[in-house]
Amino acid sequence: MSLMSRLAPLPLLLLAALPVQAQDAPAQPQCSGQPATWLGDDPDASDITAAGAALSRQMTTTAGTNPYAMFRVTGDMQPLRLEAMSDGDPSIRLETPDGDLLAENDDAVGLNSRIEQSVGPGDYCVRLIPVGDADMTATVQLTRPDMPALLVGPVDTTIAACTLETPAETLGQGPLNAALPVEAQTDGTVRYLRFALDGSASVTLRAVSDGLDPNMILFDGSGTQIAANDDADGLNARLDFPSGLAGGDYCLGVAPISSGEGTITVSVEALDRDSYLRTAWRKGELAPPKDGDYPMQAIDLAADRETVVLQDGTAQWLTFTLDRETALIVSAYGELVGVDAKLALFSRDGAVVVQADDRDGSVDARLGPVVLEPGEYRMALTDVNRPDQPGAPIRPVGLVFERFERVD
């Protein structure tokens with residue numbers, strides 16, 4: 001046998017040895033005429049109907065690319081949950097391979113997106129689109145309803161009626177009448193506190209937090225709502241019963257308006273009239289008596305055209321006397337040091353004459369012009385929404401007085 005005859009079969013042997021899969025490689029999926037990737041590793045692994053776990057892929061957008069991923073549904077109509085989670089603001093679209101839009105979503109849970117849809121058998125495309133910054137990486141996940149979701153929705157902070165079956169903690173030991181004040185700490189979830197009074201008691205209930213916005217609802221022993229409050233003291237909640245809360249069993253529901261990290265301090269204390277009034281004076285809600293011991297800065301409008309008040313979060317009180325009818329304008333300037341100034345003017349009998357807040361789009365305040373009769377007046381300068389707490393930093397606020405008197 002010649003050498004050539006021995007070598008002749010070699011090309012056939014080499015051809016037979018070529019990998020079969022190279023000849024049968026599946027075509028790249030297309031979505032709206034653009035290249036896409038399978039959400040799983042291949043078409044079979046991207047079948048959500050048969051998948052044993054979530055189908056998930058990291059996808060990246062750029063200024064020129066909003067990528068597509070494809071998945072498959074087999075069998076009957078299939079309910080799906082399609083989600084996108086990122087540090088950015090991802091939006092997602094569910095489409096057919098031809099580009100027909102089936103559903104879209106942005107900001108379902110925070111800035112993250114979720115689509116819940118039922119579709120029939122076939123191939124489908126999901127497109128990731130950034131909102132804002134074009135460069136973004138997001139986790140895109142597809143699940144059935146029986147699988148864990150990628151996104152966790154916000155915690156429900158609705159306070160439901162507190163019945164005998166409602167799990168609750170006990171506030172204090174026994175009736176509180178002789179044990180006030182009492183205090184407890186709750187977290188950023190809905191919590192219930194039970195307490196009892198063995199007779200009528202004038203009490204104040206408070207829910208205070210540095211980082212949360214507390215809300216509270218008081219129920220009687222049968223679950224009937226007695227009272228509710230949010231934002232009595234800034235963002236803090238307070239319920240006052242100056243005429244007395246009747247003896248009996250109570251349940252107090254406490255929760256933040258929106259879920260978050262932090263604690264809420266809940267307290268029940270005796271409502272003392274003098275303490276209550278001083279709190280109202282500190283908040284600028286009620287004018288202190290002119291002949292009392294509450295500190296007030298006396299202003300001589302004939303000599304003092306301007307002054308500086310040191311604001312510490314409480315109402316700063318000023319007093320002045322007019323000998324004749326006067327048109328008055330008072331301007332408060334504190335925006336540059338972070339003060340959101342508010343002015344309230346009270347007459348001698350304690351009635352509110354006029355009050356003023358933001359002026360011309362700023363947080364400075366301008367009161368007037370207002371025409372005032374002769375007499376004594378008290379004026380409160382407050383810092384809106386600034387907490388009244390010991391040790392609050394001092395912020396200077398400039399006050400300018402302009403007065404106009406009738407010339408006879």
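Residues numbered from 1 in each chain as written. Predicted model: local features only at pLDDT ≥ 70, side-chain atom pairs only at ≥ 80, totals over all residues. Heavy atoms only, no water.

An unreviewed UniProt entry annotates the chain as Peptidase C-terminal archaeal/bacterial domain-containing protein originating from Paracoccus marcusii.

Applying the stated criterion across every chain, the model contains 18 salt bridges. Two residues, Arg191 and Glu169, come together in a salt bridge whose shortest N-O distance is 2.2 Å. Within this pair, whereas Arg191 is found in strand E14 (residues 191-197), its partner Glu169 is found in strand E12 (residues 169-170), the two being separated by 22 residues in sequence. The class for Glu169 is partly exposed, based on a relative accessible area of 34%. Of the charged contacts in the structure, one is a salt bridge between Arg278 and Asp293, with a shortest N-O distance of 3.5 Å. Taken together, the residues Arg278 in helix H4 (residues 273-283) and Asp293 in the loop between H4 and strand E21 (297-298) connect sequence positions 15 residues apart. The class for Arg278 is partly exposed, based on a relative accessible area of 35%. Under the relative-accessibility criterion, Asp293 is labelled exposed at 62%. Each member of the salt-bridge network shares a partner with another, and the members are Arg93, Glu95 and Glu104. (Salt bridge = Lys/Arg side-chain N within 4 Å of Asp/Glu carboxyl O. Helix = DSSP H or I, 4+ residues; strand = E, 2+ residues; numbered from the N terminus. Buried < 20%, exposed > 50% of the residue type's maximum accessible area, 1.4 Å probe, protein only.)

We now examine the sheet that holds strand E8 (residues 101-106). What the five strands build is an open sheet, ordered E3-E5-E10-E7-E8; its pairing is mixed. Taken across any chain shown, the strands that pair with only one partner, and hence form the sheet edges, are strand E3 (37-38) and E8. (Pairing = 2+ DSSP bridges.)

Quick look at the state of the cysteines now. Evaluation of the coordinates by the stated rule reveals two disulfides. Disulfide pairing is shown between Cys31 and Cys125; the S-S distance is 2.0 Å. Taking the sign of the S-S torsion, -85° for the link of Cys31 and Cys125, the bridge is left-handed. Taken together, the residues Cys31 in strand E1 (residues 30-31) and Cys125 in strand E10 (residues 122-130) connect sequence positions 94 residues apart. Judged by relative accessible area, Cys31 falls into the buried class, the value being 0%. One disulfide in the model links Cys162 with Cys251; its S-S distance is 2.0 Å. Between Cys162 and Cys251, the S-S dihedral sits near 80°, and the bridge is therefore right-handed. Of the two residues, Cys162 is situated in the loop between strand E11 (136-143) and E12 and Cys251 in strand E19 (residues 248-256); the sequence distance between them amounts to 89 residues. Owing to a relative accessible area of 1%, Cys162 belongs among the buried residues under this scheme. (Disulfide = S-S within 2.5 Å.)

Another point: the sheet that holds E19. Read from one edge of the open sheet, five strands run E12-E14-E19-E16-E17, paired in mixed fashion. For this open sheet the edge positions go to E12 and strand E17 (225-230), each flanked by a neighbour on one side alone. Across seven bridges, the pairing between strand E16 (residues 214-220) and E19 is antiparallel. When the sheet's bridge partners are listed, Met216 is paired in E19 with Val254.

Phe195, Leu205, Met216, Leu218, Phe241, Leu245 and Leu252 are the most contacted members of the largest nonpolar core, which has 25 residues in total. Breaking this core down by element, the ones donating at least two residues are strand E13 (182-186), E14, strand E15 (201-208), E16, strand E18 (237-245), E19 and strand E20 (264-270). Those residues in contact with Phe241, other than ones at most four positions away along the chain, are Ala201, Ser202, Val203, Leu205, Leu218, Ile226, Ala227 and Leu271. Counting residues in each nonpolar core, the second largest holds 24 residues, with Val330, Ala356, Tyr377 and Leu381 among its members. (Core = buried A, V, L, I, M, F, W, Y, C linked by side-chain atoms within 4.5 Å. Contact = heavy atoms within 4.5 Å.)

Turning to the packing of aromatic side chains, a few remarks are in order. Under the counting rule described, the total for this entry stands at five aromatic pairs. Ring geometry for Trp317 and Phe346: centres 5.4 Å apart, planes at 50°, overall tilted. Of this pair, Trp317 sits in strand E23 (residues 316-322) while Phe346 sits in strand E25 (residues 341-347), placing them 29 residues apart in sequence. The two residues Trp317 and Phe346 agree in class, both being buried. Ring centres of Phe320 and Tyr377 lie 5.7 Å apart, and the angle between their planes is 20°; on these two criteria the pair is classed as stacked. Of this pair, Phe320 sits in strand E23 while Tyr377 sits in strand E29 (residues 375-383), placing them 57 residues apart in sequence. For the pair Phe320 and Tyr377, a shared accessibility class is recorded, and that class is buried. (Phe/Tyr/Trp six-rings, centres within 6.5 Å; stacked < 30°, edge-to-face > 60°.)

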